[in-house]
Amino acid sequence: MSDKKWKTSIAGIVDGETLIHGYKVTELMDKVNFTAAIWLELKGELPTEKEKAMLDAILISTIDNGMGPPSTTNARNSASAGNPMQAAVAAGVLGIGEYHGGAIEECARLLQMGLSAEKLVEKVLAAGDRIAGFGHKVYKTEDPRAKQIFEKAKKLGFFGEYCELAVKVEQVLEQKKGKKIPVNVDGAIAAVISDMGFDYRLGKGFFLIGRVVGLIAHVFEEWVREKPFRRIPSEEIEYDGTSPRKLPW
Ligand SMILES: CC(C)(COP(=O)(O)OP(=O)(O)OC[C@H]1O[C@@H](n2cnc3c(N)ncnc32)[C@H](O)[C@@H]1OP(=O)(O)O)[C@@H](O)C(=O)NCCC(=O)NCCS
């Protein structure tokens with residue numbers, strides 16, 4: 001046992017070669033694709049063809065959802081202010097939160113708690129919270145990305161107990177709230193990664209890996225297509241504070 005303070009079993013340089021979980025990075029570069037390398041990095045083993053196809057679909061689903069969401073507007077605003085790529089992308093990443101892109105972790109945590117759908121819904125609603133992974137600003141009855149992820153999971157054999165539970169949660173939530181609050185892309189990813197044996201604490205990571213690609217593209221487009229310094233137009237801004245007044249001295 002060495003007494004070195006910085007230890008990792010993920011990757012290291014041995015005899016001048018970078019090893020990732022024991023495989024030479026140069027061999028991986030030659031023989032596997034990026035999604036397989038991501039799986040290896042996160043799980044420690046290479047994926048099967050089916051695991052690779054499922055992860056590929058998950059990552060693609062998170063790449064971009066247009067200019068509207070906070071991550072993209074954050075990144076573009078930051079680029080517009082004159083920041084370099086790494087700063088603008090970091091600003092975009094900071095636009096990811098519990099309500100946008102960040103719900104995978106919490107949803108997977110809830111699903112992996114071992115509760116029935118009824119108990120899960122009851123517990124979250126009783127605390128006055130929203131159930132992570134359900135509901136959407138645009139998709140009010142069905143999130144097509146969630147549908148596609150579940151269809152793919154069925155085809156590839158990953159639609160297991162957690163996917164079943166997510167579907168039941170959607171049904172119970174509809175009964176309780178009297179309207180459909182559909183499982184969204186985060187919820188579908190949370191269910192499938194749970195069925196593929198990932199720890200819920202990796203949840204946000206899947207969204208980050210995909211969305212950084214989209215943020216890079218948006219930052220670059222902002223530079224080449226727009227004039228610097230975006231500002232909210234005055235017509236869209238209203239000051240409704242105290243009327244002009246004099247200092248008291
Ligand atoms: C995404 C989200 C912010 C959209 O919110 P929204 O546009 O305000 O939602 P809607 O206007 O369609 O619905 C509002 C009503 O549905 C309820 N609702 C919406 N999402 C809910 C959820 N996930 N769990 C419980 N109730 C929910 C709200 O409490 C509100 O109920 P009320 O009318 O009794 O007050 C919201 O659904 C949410 O917070 N979801 C959880 C986080 C999440 O999964 N984010 C990832 C999005 S891809």
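The present account deals with the structure reproduced in this document. It should be emphasised that the depicted structure is a prediction, and the values quoted were computed from it without experimental measurement.

**Regarding the overall build of the protein chain**
Helix and strand content of the protein chain: 11 helices and 3 strands. When the helices and strands of the protein chain are read in sequence order from the N terminus, they spell out β-β-β-α-α-α-α-α-α-α-α-α-α-α. By its C-alpha atoms, the protein chain is 75 × 55 × 40 Å across when sized along the principal axes. Buried positions account for 37% of the 249 residues belonging to the protein chain. Nonlocal contacts in the protein chain, meaning residues at least 24 apart in sequence, comprise 70% of its contacts between residues at least 6 apart. Accessible area for the protein chain stands at about 15,600 Å²; split by element, carbon and sulfur atoms hold 55% of it. Taking the average place of the 34 positive charges on the side chains of the protein chain and the average place of its 34 negative ones, the gap between the two points comes to 4 Å.

**Regarding helix H2 (residues 34-43)**
Regarding H2, the residues found buried are Thr35, Ala36, Ile38, Trp39 and Leu40. Where H2 is buried, its residues contact strand S2 (17-20), strand S3 (23-24), helix H1 (25-31), helix H3 (49-62) and helix H11 (203-225). Its side-chain oxygen 3.2 Å from the backbone nitrogen of Thr35, Asn33 forms the N-cap of H2. Phi turns positive one or two residues past the end of H2, at Gly44, with a value near 90 degrees.

**Here we look at the side chain of Ser80**
By the element assignment, Ser80 lies in helix H4 (residues 70-80). Not counting residues up to four positions away in its chain, the partners in contact with Ser80 are Glu222, Pro228, Phe229 and Arg230.

**So, the packing of helix H9 (residues 161-177) against helix H10 (residues 185-195)**
It is at 7 Å that the axes of H9 and H10 come closest, and there the two elements cross at 155 degrees. Between H9 and H10, the angle is such that the two are roughly antiparallel. Across the interface between the two elements, Glu161, Tyr162, Cys163 and Ala166 of H9 pack against Ala191, Val192, Ser194 and Asp195 of H10. In terms of residue class, the contact of H9 with H10 is built from 5 nonpolar, 1 polar and 2 charged.

**Quick word on the site of the ligand**
With respect to spatial proximity, 19 residues lie near the ligand, and among them Ile131, Gly133, Phe134, Lys140 and Asn184 are the closest. Here a nitrogen atom of the ligand and a backbone polar atom of Tyr99 are 3.0 Å apart. The contact in question runs from an oxygen atom of the ligand to an N or O atom on the side chain of Asn184, over 2.9 Å. For the ligand, whose free accessible area comes to 870 Å², the fraction covered by protein is 72%.

**Observations concerning unusual backbone geometry**
Of note in the backbone geometry, His21 takes a positive phi value of approximately 45 degrees without being a glycine. Looking at the element boundaries, His21 is found in the loop between S2 and S3. Here the phi dihedral of Phe229 falls at roughly 65 degrees; this positive angle occurs in a residue that is not glycine. Examined against the element boundaries, Phe229 turns out to sit in the segment after H11. Overall, Phe229 belongs to the exposed group, its relative accessible area being 60%.

**A word on the pairing of S2**
Note that strand S1 (residues 11-14) and S2 share 4 bridges and pair antiparallel. For Val14, the partnering residue across the bridge sits in S2 and is Glu17. Taking the residues that link successive antiparallel strands as the turn, the S1-S2 hairpin has 2 residues, and the phi of Asp15 there is positive, at about 50 degrees. Judged from the 2 bridges that link them, S2 and S3 form a sheet pairing that is antiparallel. By the bridge assignment for S3, Ile20 is matched with Tyr23. Between S2 and S3, which follow one another and run antiparallel, lie 2 residues, and His21 among them has a positive phi close to 45 degrees.

**A word on the packing of aromatic side chains**
What the rule picks out here adds up to 4 aromatic pairs. A centroid spacing of 5.3 Å and a plane angle of 80 degrees characterise the contact between Phe150 and Phe159, whose relative ring orientation is edge-to-face. Aromatic side chains Phe220 and Trp223 sit 6.5 Å apart centroid to centroid with 80 degrees between the ring planes, which places their arrangement in the edge-to-face category. Taken as a pair, Phe220 and Trp223 lie in helix H11 at a separation of 3 residues, close to a single helical turn. Residue Phe220 is classed as partly exposed on the basis of its relative accessible area of 47%. Between Lys154 and the ring centre of Phe159, over which it is positioned, the NZ or CZ distance is 4.7 Å. The ring of Tyr200 is capped by Arg201, whose NZ or CZ atom sits 5.9 Å from the centre of that ring.

About the criteria used
Residues numbered from 1 in each chain as written. Predicted model: local features only at pLDDT ≥ 70, side-chain atom pairs only at ≥ 80, totals over all residues. Heavy atoms only, no water. Helix = DSSP H or I, 4+ residues; strand = E, 2+ residues; numbered from the N terminus. Buried < 20%, exposed > 50% of the residue type's maximum accessible area, 1.4 Å probe, protein only. Contact = heavy atoms within 4.5 Å. Areas by Shrake-Rupley, 256 points an atom, 1.4 Å probe, with all protein chains shown as cover. Lys, Arg positive; Asp, Glu negative; His and termini not counted. Charge placed at Lys NZ, Arg CZ, Asp CG, Glu CD. Polar contact = N/O pair within 3.5 Å; in protein donor to acceptor, adjacent residues only side chain to side chain. Axes fitted to C-alpha atoms, helices over the stretch in contact; angles between N-to-C directions. Parallel < 35°, antiparallel > 145°, perpendicular 65-115°, else oblique. Nonpolar A, V, L, I, M, F, W, Y, C, P; charged D, E, K, R; others polar. Near = heavy atom within 4 Å. Pairing = 2+ DSSP bridges. Phe/Tyr/Trp six-rings, centres within 6.5 Å; stacked < 30°, edge-to-face > 60°. Lys NZ or Arg CZ within 6 Å of the ring centre and 35° of its normal.

Read these as geometric descriptors, not functional statements.
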